[in-house]
Amino acid sequence: MGSASFALRLAAAGSLPRGRDMAPVRIGFLAPLSGPESGWGRPGLAGAELWAEEMNDHGGLTLGGRTRRIEIVARDSALSPETTFEAARELIELRRARLILTLGGDTLAPALPWLMARRALVATLLPSDLGPDTPSLIAPAELHPLFNVTGVEWLARNRPALKRVALCAQTDSLGLPSLAVYRAAFEVAGFTRLREIRYAPDNHDADGIVAAMLQDDPDVLCWCSSAPPMIAALTEAAHTRGFRGEIIACTADDYPKMIARTSAGFMARYTFQFPDFDDPMLADTAFFFRNPRSFFDSYTRRFPGLWSAVSWEYASILDLWHGAAEVAGSADPVRVLSAMQRGQKMPHIFGPAEWWGAELYGIDNALVGDWPVVRLREGRARIAEFGSVLGWLGRHHEVLMRHMAELGQSWKHRARGKIADQSSSPSRIF
């Protein structure tokens, strides 16, 4: 896409006619704002609202030579399936939202078929939602859980003596795809999978889970993509039980609190996938999401203590959507999606990326680029390297597909409603 990012167009916006009397362009936000997954909703909503405020302060969205304000309309997808469905109807039919931002997974499922039937443009943080029957559903920011392979690759290269891993994951649409990816990544890295604990999403017995994981004396504990409160509880339980190996997980939200509850030395052995945006390795890189340090500073000043893995993700989707809408000259969902996918390549949050996914999801609606591997150094999250997700997929696609199939997570298996075959691995279901 030839359009510059929002941050580079701010200076020019002030000279454009402003559509003060025109209806705003509305963006729907349909994600968990309550319950255990609210940690993947509220921080992201804060980032989206910050993005919209800054954009409106500089004129708004430029369409047809005029600028229009952006309005974020948020609804909670964690209340009930019926409430989620009605919220989706309200956002599209009454609010006329031109884009729906969502976490995806189980909380989106009640509304997704209806949204697709109306060709609504929906952006999910879970590419495992994608399928041939979701043509206007895109995953343009986070390739969860595929980017988790980069953390395992880093660990295998930099800690080669570690060969024994125990994993745990919740049995939902976030946990099972993540478990499949970590399984594949550890297999090709030469690890022995000692034990695998799958626990119900409403099970909060972190100490019991960790006790079971430690029975075979693993070198590495993997929390997969457990929810933020469970990540913290699992980490504290491992510390309490005297674990001295490495920990790897998708996220480490509110890691200062985890350090305070364990120790800096203990958390220095923790690998995850989401950096702070004041990281020096982001400062001089020409990402599509420009000036990440400025966004990070504004966010942490406005919302102290709320920065997390999702704080920037919905804002980055909005930046991509904004550029595509201005290229298309319209906020119409079909035209914006066409502008986004023109040429099959476009800038991604962490650099060049391409639309991918047909083999795994049945449709090329996931935007795939490099992804950072993050470690804690002197109490701060710092990028250790950027790993190539596409490179790993090119080498190990068949292994990944096997584990996805075993857990019923490929789009073909999900479409058939198959139950995962749990006989192929040392597992325990909590």
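Structure: see above.
In this report, the structure presented in the accompanying data block is examined. (Residues numbered from 1 in each chain as written. Predicted model: local features only at pLDDT ≥ 70, side-chain atom pairs only at ≥ 80, totals over all residues. Heavy atoms only, no water.)

Brief notes about the pattern of salt bridges
Our working definition: Salt bridges, as used here, are contacts in which a Lys or Arg side-chain nitrogen is within 4 Å of a carboxyl oxygen on Asp or Glu. Exposure is judged per residue with a 1.4 Å probe applied to protein chains only, and the accessible area is read against the type maximum: over 50% gives exposed, under 20% gives buried, and values in between give partly exposed.
According to the stated counting rule, one finds 22 salt bridges in the structure shown. Between R198 and E196 there is a salt bridge; the shortest N-O distance is 2.8 Å. Residues R198 and E196 agree in their burial class; the two are buried.

Observations regarding empty space enclosed by the protein
Threshold: Definitions used for this entry: grid spacing 1 Å over protein atoms alone; cavity, a set of points where a 1.4 Å probe fits but cannot get out; pocket, an open set with protein on both sides within 12 Å along at least 5 of 7 lines; lining residue, one with an atom within 4 Å of a point. Grid points are joined across faces, edges and corners, and a volume is the space filled by probe spheres set on the points. Amino acid classes used here: Ala, Val, Leu, Ile, Met, Phe, Trp, Tyr, Cys and Pro are nonpolar; Asp, Glu, Lys and Arg are charged; the rest, including Gly, are polar.
Tallied over the entire structure, the rule returns one cavity of 30 Å³ or more. By volume, the largest cavity amounts to about 100 Å³. The wall of the largest cavity is formed by 14 residues, among which W40, E142, H144, L174 and C250 lie closest to the centre. Of the residues contributing to the lining of the largest cavity, the split by class is nine nonpolar, three polar and two charged.

Examining the pairing of strand 14 (residues 351–356)
The cut-off we apply is this: Think of it this way: DSSP has to see at least two bridges between two strands before they count as a pair. Comment: elements are numbered from the N terminus, with helices defined as DSSP H or I runs of at least four residues and strands as E runs of at least two.
Bridge count between strand 13 (residues 345–348) and strand 14: four bridges; the pairing is antiparallel. In the sheet register, M346 faces strand 14, and the bridge partner there is A353. Between strand 13 and strand 14, which pair antiparallel and follow one another directly, the connecting turn spans two residues. For strand 14 and strand 15 (residues 366–377), the ladder comprises four bridges, and the chain directions are antiparallel. Opposite W356, over in strand 15, you have A366 as the bridge partner.

The values are spatial; any link to function lies outside them.
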